[in-house]
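# Observations on chain architecture
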Amino acid sequence: MQIWGNVLCLPSVNLILKMRIITLKSEMSHWRQGLSSQSSVGFVPTMGALHHGHLSLVSQALMDNDLAVISIFVNPTQFNNSADLEVYPRTFEADNSLLETLPHDRIVLFTPRAEDLYDGPPLSKRWEFGSIARVMEGEFRDGHFDGVGTVLQLLFEAVSPSKSYFGEKDYQQLLIVKSLADQLGNTNEIIGCPIYREVSGLAMSSRNQRLSEQQKVQATLLYQIMKYIKEHLNTMSWAELKSWAELQFEKDKDWQLEYLTLADSQTLEKKDDYSKDKPLRIFIAAHLGTVRLIDNMAVN
Ligand code: PAF
């Protein structure tokens, strides 16, 4: 009965999906080299637990390119905390269902295994990204950007993208990836895409899958705080606004604020006051229960 079930099930899954799935790095390079030199490939690297924010990146990649490659790989070297790596959501079945909504003949799913991608045990290289890597995520997640740089170099080598797509939700990562692409010196153009939010304002994130329904409501605090700050930067000082925001977190014991920073959008240099002359952003990281959330918002 079970065998019959499998026989029935497998071909129908293939018929529905028709999406090419590649696991080996060598097969990915081989597939890429087989494409005509005219074909452009947009690349969306992810760690899975896909959501509509990811899909918006893939849509952009498909609008700009002939084909899109999406990778799903939970990269161990960018987690400074092994407990965080362990609980990171892995939802391969649901990811597949979401990818089914895309034109299967134009996308390839790349799901490498760690030992193959890293040619052995996953180890980080040291990168020099300068001051943009030393603040905020760089300060609170030791080695995080070395891990991101290392895995992206390996993924870029395998996929040879024409363009790669990253969400502004991880705005600091986006700047790091632009620096990485400059250092690697190939023609891979890095495209930043706007943050995709729930109607409630909550920025879409794979980590939201670890939030209960009630926590999802609580988590809108990040958006509300940034919006309030943005609306009052003209009339209140940054120090006043920061104290007000800290108070909002203290009111709810489920929250623990890690950082709240006003910074230059290009250099990430901290600012103590609002100025209209340069683009600035608010950056925030906080723990809601055991889930770490980050968000950011342009203020001018
Ligand atoms: O943003 C992410 O999901 C990851 O940092 C990335 C870019 C896929 C590298 O592992």
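Scroll up for the structure.
First, a word on what this report is: a plain description of the structure on this page. (Residues numbered from 1 in each chain as written. Predicted model: local features only at pLDDT ≥ 70, side-chain atom pairs only at ≥ 80, totals over all residues. Heavy atoms only, no water.)

### Observations regarding the sheet that holds strand β8 (residues 280–288)
In plain terms, the rule: Here, strands pair whenever DSSP counts at least two bridges between them. Secondary structure elements follow DSSP: runs of H or I of four or more residues count as helices, runs of E of two or more count as strands, with numbering from the N terminus. A fitted line through C-alpha atoms serves as each axis, taken over the contacting stretch for helices, and the angle formed by two N-to-C directions is quoted from 0 to 180°. In what follows, residue pairs with any heavy atoms lying within 4.5 Å of each other are defined as contacts.
Read across the sheet, 3 strands follow the order β7-β8-β9 without closing on themselves; strand pairing throughout is antiparallel. The outermost strands of the open sheet, each flanked by one partner alone, are β7 (255–264) and β9 (291–298). Strand after strand, the sheet turns through a mean of 15° between neighbouring axes, direction not considered. Here helix α11 (residues 221–232) sits on the sheet in contact with β7, β8 and β9, set at roughly 25° to β9. Helix α12 (residues 238–251) rests against β7 and β8 of the sheet, and its axis sits at about 160° to β7.

### A short note on the packing of helix α8 (residues 144–159) against helix α9 (residues 171–184)
Where we set the bar: Each angle gets one of four labels, with under 35 degrees taken as roughly parallel, over 145 as roughly antiparallel, 65 to 115 as roughly perpendicular, and the rest as oblique. Should the near helix be turned counterclockwise from the far one by less than a right angle, the crossing is left-handed, whereas a clockwise turn marks it as right-handed. Amino acids outside the nonpolar list (Ala, Val, Leu, Ile, Met, Phe, Trp, Tyr, Cys, Pro) and the charged list (Asp, Glu, Lys, Arg) are all regarded as polar, and Gly is one of them.
Two elements in contact, α8 and α9, have axes whose closest approach is 10 Å; the angle formed by their N-to-C orientations is 50°. As far as their axial angle goes, α9 and α8 are oblique. In this structure, the crossing between α8 and α9 has a hand that is right-handed. Where α8 approaches α9, its residues Phe145, Val148, Gly149, Leu152, Gln153 and Phe156 are matched on the opposing element by Gln172, Gln173, Ile176, Val177, Leu180 and Leu184. Within the contact of α8 with α9, the residues separate by chemical class into 8 nonpolar, 4 polar and no charged.

### Regarding the sheet that holds strand β5 (residues 163–167)
Here 6 strands make up an open sheet; going across it, the order is β1-β4-β3-β2-β5-β6 and the pairing parallel. Both edges of this open sheet fall to β1 (20–22) and β6 (189–193), since each of them pairs with a single strand only. The sheet shows a mean angle of 25° between the axes of neighbouring strands, direction not considered. Pairing between strand β2 (residues 41–46) and β5: 2 bridges, direction parallel. Residue pairing across strands places Phe43 opposite Ser164, the latter belonging to β5. The strands touched by helix α3 (residues 52–64) within the sheet are β2, β3 (67–72), β4 (107–110), β5 and β6, with β5 carrying the most contacts at an inclination of about 155°.

### Structural notes on the pattern of salt bridges
Operational definition: We define a salt bridge as a contact between a side-chain nitrogen of Lys or Arg and a carboxyl oxygen of Asp or Glu at a distance within 4 Å.
For the structure on display, the rule yields 12 salt bridges. Of the charged contacts in the structure, one is a salt bridge between Glu231 and Lys227, with a shortest N-O distance of 3.8 Å. With Glu231 and Lys227 both in helix α11 and 4 residues apart, this pair spans about one turn of that helix.

### Let's talk about the site of the ligand
The following threshold applies: In these notes, residues near a molecule or strand are those with any non-hydrogen atom within 4 Å of it. Each polar contact in these results corresponds to two N or O atoms within 3.5 Å; when the atoms are within protein, one needs to be able to donate a hydrogen and the other to accept it, and residues that are neighboring in sequence are counted only if both atoms are side-chain atoms. With residues, only the protein chains shown are counted as cover, and all accessible areas are computed by Shrake-Rupley using a 1.4 Å probe.
Taken together, Pro45, Thr46, Met47, Asn75, Gln78, Val151, Phe166, Asp170 and Gln173 form the complete shell of residues around the ligand. For the ligand, an oxygen atom lies 2.6 Å from a polar atom in the side chain of Gln78. Measuring from an oxygen atom of the ligand, one finds a side-chain N or O atom of Gln173 at 2.7 Å. Contact with the protein chains removes 89% of the 290 Å² of surface that the ligand exposes when unbound. By residue class, the composition of the shell around the ligand is 4 nonpolar, 4 polar and 1 charged.

These figures come from the coordinates and say nothing about function on their own.
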